[in-house]
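Here is what each chain is made of, one letter per residue.
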Amino acid sequence: MTTTAVTHIASLVTNDPSLGNGTPLGLIQDAAVVIDGDRIVWTGESSKAPATDNVLDAAGRAMIPGFVDSHSHLVFAGDRTQEFNARMSGQPYTAGGIRTTVAATREASDEQLSDNVAHYLAEALRQGTTTLETKSGYGLSVEDEARALRIASRHTDEVTYLGAHVVPPDYADDPAGYVDLVTGPMLDACAPHARWIDVFCERGAFDGDQARAILTAGRAKGLHPRIHANQLTYGPGVQLAVELDAASADHCTHLTDADVDALGQGDTVATLLPGAEFSTRATWPDARRLLDAGATVALSTDCNPGSSFTSSMPFCIALAVRDMGMTPDEALWSATAGGAAALRRTDIGRITPGARADLVLLDAPSHVHLAYRPGVPLVSAVWRGGARVE
Ligand code: NIG
Ligand code: FE
């Protein structure tokens with residue numbers, strides 16, 4: 001194999017607290033990283049780097065692990081510009097627009113859907129996202145959900161079955177029948193194509209009992225749970241996520257003290273999605289409160305055509321720092337190691353020997369610039385699995 005060293009990195013985020021300055025980011029100044037094939041094989045001070053086949057001088061730029069976006073909805077067709085315009089003129093977000101995207105998605109060909117996923121995945125990769133989870137949820141029939149998951153799994157290993165996004169119009173008079181479909185024939189058709197199962201546990205979508213039934217059925221078929229919880233209102237989603245040892249409770253916008261305590265004590269990651277609050281003009285989740293309670297916090301885009309049409313993790317970092325009480329260090333950790341925790345992965349989200357060589361070089365002297373210089377395209381080079389992204 002060919003070894004490559006990136007040297008003279010002004011500031012390297014390893015996410016290994018035993019390295020460098022001893023903080024959770026494990027920051028090393030004037031650092032080097034050596035990769036061999038798709039793996040990182042050495043991390044340390046530039047002056048001590050071993051000899052390699054190739055050397056790339058980072059010339060004072062910062063390096064961070066590739067972003068782990070653990071929550072997106074990329075299998076969709078259509079556009080909801082009008083709905084966004086209406087919201088920015090004062091209309092509230094109700095999630096009712098999901099049905100608009102369901103209609104457009106059902107109409108689209110496999111090729112259109114696959115091209116769409118590829119388009120947004122490439123857009124995210126250019127902005128430093130090297131791992132991306134994505135969901136079904138705009139099909140809401142046995143065939144359309146299974147099709148969405150088959151298409152998603154062509155593009156990523158982190159695929160989530162979200163047949164329980166909302167009750168589709170064809171089941172409006174029979175929500176219990178729809179839950180039977182989601183936990184029965186639809187689950188049978190979808191489970192082979194997914195790693196995770198998700199439910200939108202919210203007033204107007206699925207209640208706590210329905211969500212428990214859906215996630216438990218998914219678990220019996222080998223899918224691991226994650227939940228859209230407490231986005232629009234207070235509710236049972238977060239407590240249910242912790243009770244079922246879900247990998248993550250996503251949104252966490254409206255939390256009681258008991259919800260915060262549960263997340264502080266359990267292994268369920270609190271995944272915050274500031275793009276959704278930005279694009280729906282909603283109350284910001286309180287990351288500070290969660291962090292102070294000891295919760296593991298992840299940041300993700302929630303990229304979807306309705307509530308959060310951004311694929312940019314740097315944008316989410318800037319929002320989390322400006323409006324959710326996170327420090328730049330905490331936000332960077334949550335967008336990398338936090339996302340890895342939300343996907344229960346140990347091979348990504350860090351720059352340490354043995355990890356996958358997912359690296360982002362910034363056109364800036366430190367990761368703090370991601371929040372300090374919001375909206376500026378600072379990602380100057382990306383490697384995914386050791387391959388340089390063009
Ligand atoms: O995570 N809240 C539910 N699902 C998405 C929104 C989907 C949509 O509006 O199309 C979310 O925000
Ligand atoms: Fe979502």
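Calculation criteria
- Residues numbered from 1 in each chain as written.
- Chains lettered and ligands numbered in written order.
- Predicted model: local features only at pLDDT ≥ 70, side-chain atom pairs only at ≥ 80, totals over all residues.
- Helix = DSSP H or I, 4+ residues; strand = E, 2+ residues; numbered from the N terminus.
- Rg over C-alpha atoms; globule rule 2.2 N^0.38 Å.
- Contact = placed C-beta atoms within 7 Å.
- Core = buried A, V, L, I, M, F, W, Y, C linked by C-beta atoms within 7 Å.
- Buried ≥ 20, exposed ≤ 12 C-beta atoms within 10 Å, placed from the backbone.
- Domains from an automatic or database assignment.
- Nonpolar A, V, L, I, M, F, W, Y, C, P; charged D, E, K, R; others polar.
- Expected span 1.5 Å × (residues − 1).

*Asks:* Teacher, can you tell me more about the overall build of the chain here?
*Replies:* When its secondary structure is counted, the chain shows 14 helices and 17 strands. Whereas a compact globule of 390 residues would reach a radius of gyration of roughly 21 Å, the chain reaches 21 Å, a difference of no more than 12%. For the chain, restricting intrachain contacts to residue pairs at least 6 apart in sequence, the fraction spanning at least 24 positions comes to 69%.

*Asks:* What should I look at first to understand the nonpolar core in this one?
*Replies:* One recurring pattern in soluble globular proteins: nonpolar side chains tend to sit buried together. Core analysis: the largest hydrophobic core is formed by 124 residues, its most contacted members being Val33, Met63, Ile317 and Ala320. By residue number, the principal contributor to this core is helix α13 (residues 328–342), which donates eight residues. The residues touching Ile317, leaving out its near neighbours within four places in the chain, are Leu299, Ala331, Leu332, Ala335, Leu370 and Ala371.

*Asks:* Whenever I open this one, the environment of Ala5 confuses me. Can you help?
*Replies:* With respect to the secondary-structure elements, Ala5 resides in strand β1 (residues 3–12). Overall, Ala5 belongs to the buried group, with 22 C-beta atoms counted inside 10 Å. In this structure the C-alpha to C-alpha distance between Ala5 and Asp53, which are 48 residues apart in sequence, comes to 8.0 Å. Other than its neighbours up to four places away in sequence, Ala5 contacts Ala32, Val34, Ala49, Thr52 and Val55.

*Asks:* How should I be thinking about the domain arrangement of the chain in this particular structure?
*Replies:* Segmentation of the chain into domains returns domain 1 (3–66 + 349–388) and domain 2 (67–342). The C-alpha-based centres of domain 1 and domain 2 are spaced at 30 Å. Secondary structure elements with two or more residues in the side of domain 1 that touches domain 2: β5 (62–65), α14 (369–372) and β16 (379–384). The biggest single contributor to the side of domain 1 that touches domain 2 is β16, with three residues. Class assignment of the residues belonging to the side of domain 1 that touches domain 2 gives a composition of 13 nonpolar, five polar and three charged.

*Asks:* What is the right way to look at helix α4 (residues 142–155) in this model?
*Replies:* Note: α-helices contain 3.6 residues per turn, so residues at a spacing of three or four share the same orientation. With 14 residues, α4 should reach 20 Å at 1.5 Å per residue; the first-to-last C-alpha distance of 21 Å fits that figure. Taken together, the buried positions of α4 are Asp144, Glu145, Ala146, Arg147, Ala148, Leu149, Arg150, Ile151 and Ala152. Considering only its buried residues, α4 is in contact with α2 (98–107), α3 (110–126), β8 (134–135), β9 (159–164) and α6 (185–190).

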